Amino acid sequence: MGYFPVYLDLRGRRCVVIGDDDEAQAKAGALVEAGAEVTVICSESRPRFTEMAERNRITLHSRPYQPGDLRGAFLAISATTHDRPLSEAIHAEAERERCLLNVVDITDLCTWIYPALVRRGDATVAISTNGRSPAMASFLRREIDRALPPGYGMLLDVLADIRDELRREDNMPRARRWQDALNDDGTRGLIANGDRPGLRARLIARLTERGDD
């Protein structure tokens, strides 16, 4: 395994996006949603970036990259695949600043790789091929997206709520009891039907029923 899989808490951390294409715009939006303080370096005018700046969601510098743009940054994404010398200069600054850097589609200049993602609410599956094949990562994302029921986001919300409730009551079941409740056919049926009240009631009943753990 060439890369260590990890989820980062970016809330309040300075992150920089360099570039003006669709990839840069999508990544900037994802960083904003993660709570990062996002600075965008964009040499071309892009309505999405302008709108985000007007809403104070990003700090926008409408100019090319300049040395010093990564000063104090925790993480950066550079959509500069078309310009290898520029990407190498950005990589060199990232190394000096100890900034985690992803250069889109140039794996040897990356210190982290942006995974393909499948989301069901707050449940997230991240897929990586260690940078060897973005096409394979996209293929796996589609396969997993088809396989995961849409109700898993609701399931996570219900489980988190029940967990908090049982913890307050000092009545936390063992791990095996949770897995038995989740693998129950009745539970799966309620998930498929989108029956949130029924799902909550059945899970609580299974988790708190008397019997061996």
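For the structure, check the block above.
It should be emphasised that the depicted structure is a prediction, and the values quoted were computed from it without experimental measurement. (Residues numbered from 1 in each chain as written. Predicted model: local features only at pLDDT ≥ 70, side-chain atom pairs only at ≥ 80, totals over all residues. Heavy atoms only, no water.)

*Asks:* Could you give me a rundown of the sheet that holds strand β2 (residues 37–41), with the residues and numbers involved?
*Replies:* With respect to topology, 5 strands assemble into an open sheet ordered β3-β2-β1-β4-β5, the strand pairing being parallel. Of all strands in the sheet, those with a lone pairing partner are β3 (58–61) and β5 (100–103), marking the two edges. Pairs of neighbouring strands in the sheet enclose a mean axial angle of 15°, with direction left out of account. Direction of pairing for β2 relative to β3: parallel, over a ladder of 4 bridges. In the strand pairing of β3, Val38 is matched with Ile58. (Pairing = 2+ DSSP bridges. Helix = DSSP H or I, 4+ residues; strand = E, 2+ residues; numbered from the N terminus. Axes fitted to C-alpha atoms, helices over the stretch in contact; angles between N-to-C directions.)

*Asks:* Would you mind going over the nonpolar core in detail, with residue names and values included?
*Replies:* By size, the foremost hydrophobic cluster in this structure holds 19 residues, and its most contacted members are Val17, Leu31, Val38, Val40, Phe49, Ile58 and Leu75. Of all elements in the fold, only β1 (14–18), α1 (22–33), β2, α2 (47–54) and β4 (75–78) reach the threshold of two or more residues within this core. Considering every element that reaches this core, the biggest residue donor is α1, with 4 residues. Ignoring any residue separated from it by four or fewer positions in sequence, one finds Phe49 in contact with Gly19, Asp20, Ala24, Gln25, Ala28, Val40, Cys42, Ile58 and Leu60. Ala76, Ala94, Val103 and Leu109 belong to the second largest nonpolar core, which has 15 residues in total. (Core = buried A, V, L, I, M, F, W, Y, C linked by side-chain atoms within 4.5 Å. Buried < 20%, exposed > 50% of the residue type's maximum accessible area, 1.4 Å probe, protein only. Contact = heavy atoms within 4.5 Å.)

*Asks:* Account for the pairing of strand β7 (residues 123–127), naming residues and giving values.
*Replies:* Across 5 bridges, strand β6 (residues 116–120) lies against β7 in antiparallel orientation. Within β7, the position partnered with Ala116 by the bridge is Ile127. If you look at the hairpin formed by β6 and β7, you'll find 2 residues sitting between the two strands, and Gly121 has a positive phi there, around 65°.

*Asks:* An account of helix α7 (residues 185–193) is needed here, citing residue identities and associated values.
*Replies:* Inspection of α7 places Thr187, Leu190 and Ile191 among the buried residues, and these make up the whole buried set. Projected down its long axis, α7 shows its buried positions confined to an angular sector of 100°, all on one face. Along α7, exposed side chains directed more than 90 degrees from the buried face belong to Asp185, Ala192 and Asn193. By the N-cap criterion, in which a side-chain oxygen at the helix start approaches the backbone nitrogen of a residue two or three places on, α7 is capped by Asp184, the distance to Gly186 being 2.9 Å. One or two residues past the end of α7 sits Gly194, with phi positive at roughly 70°. (Arc of directions from axis to C-beta. Polar contact = N/O pair within 3.5 Å; in protein donor to acceptor, adjacent residues only side chain to side chain.)

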